[in-house]
Amino acid sequence: MQTSASHPSSAPERVFGWRDHTALWFSLGVGLLVMQVGAYLVPALGTRDALAAVIAGSILGAGLLAWVARLGCDSGLSSAGLIHTVYGRRFARLPVLLNIAQLLGWATFELVVMRDGTAAITRQALGLDIGLALPTLFWGLIVLALLRGSMITLVRRIVSRIGLPLVVLSLIWLTVQFALKLEGDGLRALWLRAGDGSMNAFQALDLVIAMPVSWLPLVADYARHGRSGRGALAGTWLGYTVANIWCYALGVLVITVTGPDLDMVSALLLAQGGLVALGLILIDELDNTYGDLYSGSVSAQSLCNDVSLKTWGTLLAAVSIGLAMVLPMHTLEPFLLTLSSVFVPLFGTILGRLGMRPASLTEAPRALHTAPALIWVLGIAVYHALAQWAPQYGSALPTLLLTFALGALSARAGARAAQAV
């Protein structure tokens, strides 16, 4: 019997240790999209500056992710529960609905990635053009079957014991294969390569941080099943940081060897054994799709508790499969990146309000908490204003800092007002 999304997780469901958190977030941190983004950094910054941005951005972004994970574990609340606590029962419906739309979109995006990768593999290995509908349906039905099972069982028995070793082996294999294609002089030339100046350090940091920050609306849905907040924080931070740095660096290496004209899927297929390694990475993309749809069902159940998690998961998976049948990837990505911008100030405010005053996690939310709601709206405006008029400073990091500071100040002011009454 699973705990309702509207209530804290029960003691029997708190089974994840730090190794489970590490395995889950390493697996979720691995993806073709991360590799592709890594390939954009070196031409703009140069290798050394790009590597510095990747390491700093990964540690910082994964640290934010881990902080929210600890809040979710300590309180037993899902991401939707944290949103309700900070913004109020009624107002929280807006960001929760936006989160469901975002998660549905990202799940569709992942299905498109797996669909296109599968089509490329069948063309390379068998010389067959199987179209788009068949691979979309294939992966979609697998995700649908996983959603009918237990999330806890999936993480502990499949991701930790089977999925993690396979994806680590595939990353090691691809890293070695492409590194061998660069001779000693090639490695030295890559390390000394200068950028063209089209991106500065703040913009690069913003781009790297964007990947872990995109998982902020999901992390508490899994961390609430942890045995300790410290284990949730350490495992999430370690797993995602290592995966993010590795995939960014691998993307740089792959595109350096193959050139910028090839897409990431075609480039990976050029490696010896690349067909098998890419297949394993595509299988690993399953947990990304599953993660989006499971969290979407948790958020949906927080709004309509009469429908079970499995039923919500089935409904969202069916919609995602239908959208993936007709939507190309380039149509999805700009919309998703725009929608994601609302969650940077949303969770900046949550961390400011709850991260500095953990005791407030136990307070019953009112219908509307005015100060956090206004800070969130201000944060969205600042995010887009920076992107429009000051792109050289990035958008995510300044907005996070602003909303965190305002959230902490408003929480302190509210606590003083309550004491004075």
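Treat the numbers as computed from the prediction; the structure is a model and nothing was measured.

Peer 1: Can you help me understand the overall build of the protein in this one?
Peer 2: Secondary structure assignment for the protein yields 18 helices and 0 strands. A globule of 421 residues ought to have a C-alpha radius of gyration of about 22 Å, and the protein, at 21 Å, matches this closely. Considering the protein as a whole, with its 421 residues, one finds that 55% of them fall into the buried category. Relative to all contacts within the protein whose residues are 6 or more apart in sequence, the contacts with residues 24 or more apart total 88%. With the model as given, the accessible surface of the protein reaches about 17,800 Å², and the carbon-plus-sulfur share is 67%. Computing the positive centroid from 25 side-chain charges and the negative centroid from 21, the protein places the two 14 Å apart.

Peer 1: I'm lost on the pattern of salt bridges in this one. Help?
Peer 2: Two side chains carrying opposite charge are able to pair once their charged atoms lie near each other. Under the criterion given, the structure shown has 3 salt bridges. Between Arg70 and Asp74 there is a salt bridge whose closest N-O contact spans 3.5 Å. With Arg70 and Asp74 both in helix 3 (residues 47-75), this residue pair falls 4 residues apart, about one helical turn. According to the relative accessible area criterion, Arg70 is partly exposed, its value standing at 32%. On the basis of relative accessibility, which here comes to 47%, the residue Asp74 falls in the partly exposed class. Measuring nitrogen to oxygen at the nearest pair gives 3.0 Å for the salt bridge that ties Arg115 to Asp116. For Arg115, a relative accessible area of 4% corresponds to the buried category.

Peer 1: Please explain the environment of Leu397 as it appears in this structure.
Peer 2: Mapping Leu397 onto the fold places it in helix 18 (residues 396-420). Sequence separation between Leu397 and Leu238 is 159 residues; the distance between their C-alpha atoms is 21 Å. Here Leu397 is in contact with Leu60, Leu205, Asp206 and Ile209, once residues within four sequence places are set aside.

Peer 1: Would you explain a nonpolar patch on the surface in this entry?
Peer 2: Residues Ile158, Ile162, Leu166, Leu169, Ile172, Val176 and Leu180 make up a contiguous nonpolar surface patch of about 630 Å² in total accessible area. Classification of Ile172 as partly exposed rests on a relative accessible area of 39%.

Peer 1: Explanation requested: the packing of aromatic side chains in the structure shown.
Peer 2: Aromatic ring pairs: the centre-centre distance and the angle between the two ring planes describe each pair. Scanning the model with the defined rule gives 13 aromatic pairs in all. An angle of 35° between the planes, with centres 6.3 Å apart, marks the rings of Tyr87 and Phe91 as tilted. Judged by relative accessible area, which is 22%, Phe91 ranks as partly exposed. Each ring, one from Phe138 and one from Trp139, has its centre 5.1 Å from the other, and the planes form 75°; the classification is edge-to-face.

Peer 1: What should I look at first to understand the side chain of His225 in this one?
Peer 2: Note on placement: His225 falls in the loop between helix 10 (216-223) and helix 11 (229-258). Note on His225: relative accessible area 3%, which makes it buried. Setting aside its immediate chain neighbours within four residues, His225 contacts Ser9, Glu13, Arg14, Val15, Phe16, Met151, Ile152 and Tyr294.

Peer 1: Would you explain the nonpolar core in this entry?
Peer 2: The nonpolar side chains of soluble globular proteins are, as a tendency, buried together. Ranked by size, the top nonpolar core spans 121 residues in total, and within it Trp25, Leu32, Met35 and Leu268 carry the most contacts. Sorting elements by how many residues they give to this core places helix 5 (residues 93-126) first, with 13 residues. Residues within four places of Met35 in sequence aside, it is in contact with Leu171, Cys247, Leu250, Gly251, Met264, Leu268 and Ile281.

Criteria and thresholds
Residues numbered from 1 in each chain as written. Predicted model: local features only at pLDDT ≥ 70, side-chain atom pairs only at ≥ 80, totals over all residues. Heavy atoms only, no water. Helix = DSSP H or I, 4+ residues; strand = E, 2+ residues; numbered from the N terminus. Rg over C-alpha atoms; globule rule 2.2 N^0.38 Å. Buried < 20%, exposed > 50% of the residue type's maximum accessible area, 1.4 Å probe, protein only. Contact = heavy atoms within 4.5 Å. Areas by Shrake-Rupley, 256 points an atom, 1.4 Å probe, with all protein chains shown as cover. Lys, Arg positive; Asp, Glu negative; His and termini not counted. Charge placed at Lys NZ, Arg CZ, Asp CG, Glu CD. Salt bridge = Lys/Arg side-chain N within 4 Å of Asp/Glu carboxyl O. Patch = residues over 30% accessible without salt bridge, like charges linked within 9 Å, V, L, I, M, F, W, Y side chains within 5 Å. Phe/Tyr/Trp six-rings, centres within 6.5 Å; stacked < 30°, edge-to-face > 60°. Core = buried A, V, L, I, M, F, W, Y, C linked by side-chain atoms within 4.5 Å.

The values reported here are purely geometric and, on their own, carry no functional implication.
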